[in-house]
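Each chain, letter by letter, is given below.
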Amino acid sequence: MAGATAAQASYIVVDTGHTPQHPGATAASGRAEYAYNLDLSGAVAHDLMALDDRVTRISVNGKEIALKDRTAQAPDADFFLSIHHDSIQQAWIDAGRRREFAGFSIFVSQLNPHYERSLQCAQAIGEGLLAAGEKPSLYHATPIQGENRPLLDERLGIHRFDDLVVLKTARMPAVLVEAGVIANPDEEKRLGDPQTITKIANAIAQAVHACNEKP
Ligand SMILES: [Zn+2]
């Protein structure tokens, strides 16, 4: 049924947050966020392709790429997914609070031209992560400078972050997922475990596939 599959396949951009040269946050052990993003986004891309979706990956060739260029690589794609892992405020690290923070966060931008569809996919991803046993972190809503991201859905950990560049420059619906908090040493260990990566990737890929499924 190759013909039928091709007709229904969705085209998904899977963006690996950051680059090897500018690797984002630092995990409790010192390992860079980019390494976590690469592992998880690779598993998500693998799972999407197993569901017969077409996938373009961004920031996997070792080169620098500007945020606005990430969303321009595949202008005809149906959906843009950016995969990240989280840190916490330096003041919380300094106060010895690393182990208090855990969980995923999902972001959408109202400046994206397909805000409603972005939100629908964010909801699907949140439901998938909850069903997989993950919990929302919620600390990005803390009313302090550097956080203060309005919560759109507390149960699903969905926040509004209008100025996130990849979300607002994407011409297609777009969602950014912070899969977990690598600043927390316990969480870092768990998030680096291949079983956890497989489980989280599966949940995200199934959700992205389902919310982009064509009739
Ligand atoms: Zn990041």
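Residues numbered from 1 in each chain as written. Predicted model: local features only at pLDDT ≥ 70, side-chain atom pairs only at ≥ 80, totals over all residues.

Participant: Can you tell me about the overall build of the protein, naming the residues and giving the values?
Facilitator: On a plain count of helices and strands, the protein comes out with eight helices and seven strands. Scaling as 2.2 N^0.38, a compact globule of 215 residues should have a C-alpha radius of gyration of about 17 Å, and the protein matches this with 16 Å. Once the C-alpha set of the protein is aligned to its principal axes, its extents read approximately 60 × 35 × 30 Å. Contacts spanning at least 24 positions in sequence make up 76% of the contacts within the protein whose residues lie at least 6 apart. (Helix = DSSP H or I, 4+ residues; strand = E, 2+ residues; numbered from the N terminus. Rg over C-alpha atoms; globule rule 2.2 N^0.38 Å. Contact = placed C-beta atoms within 7 Å.)

Participant: Any chance you could break down helix H7 (residues 185-192) for me, citing the residues and the numbers?
Facilitator: Considered for burial, the residues of H7 that qualify are Glu187, Glu188 and Leu191. Taken end-on, H7 shows its buried residues confined to a sector of 105°, consistent with a single buried face. Taken together, the buried residues of H7 touch helix H2 (33-50), strand S3 (79-86), strand S7 (174-181) and helix H8 (194-211). (Buried ≥ 20, exposed ≤ 12 C-beta atoms within 10 Å, placed from the backbone. Arc of directions from axis to C-beta.)

Participant: Please give an account of unusual backbone geometry that cites residues and values.
Facilitator: Non-glycine residue aspartate 52 carries a positive phi angle of around 75°. Of note, aspartate 52 is situated in the loop between H2 and strand S2 (54-58). For aspartate 52, a count of 15 C-beta atoms within 10 Å translates into the label partly exposed.

Participant: If you had to explain the pairing of strand S1 (residues 11-16) to someone new, which residues and values would you point to?
Facilitator: Burial analysis of S1 places five of its six residues in the buried class, the great majority of the element. Pairing geometry for S1 and S2, over five bridges, is parallel. Its bridge partner being in S2, aspartate 15 is matched across the sheet by isoleucine 58. Following the chain from S1 across H2 to the adjacent parallel S2, one finds a crossover that is right-handed. Note that S1 and S3 share five bridges and pair parallel. When the bridges of S3 are listed, aspartate 15 appears paired with serine 82. (Pairing = 2+ DSSP bridges. Right-handed = clockwise from strand over helix to strand, strands pointing away.)

Participant: Tell me about the sheet that holds S7, residues and numbers included.
Facilitator: One open sheet holds the seven strands; their spatial order is S2-S1-S3-S7-S4-S6-S5, and the pairing between them is mixed. Among the strands making up the open sheet, the edge pair consists of S2 and strand S5 (151-153). For this sheet the average axis-to-axis angle between neighbouring strands, irrespective of direction, equals 25°. Of the strands in this sheet, S3, strand S4 (105-108), S5, strand S6 (158-160) and S7 touch helix H5 (residues 115-131), which is tilted by about 170° from S4. (Axes fitted to C-alpha atoms, helices over the stretch in contact; angles between N-to-C directions.)

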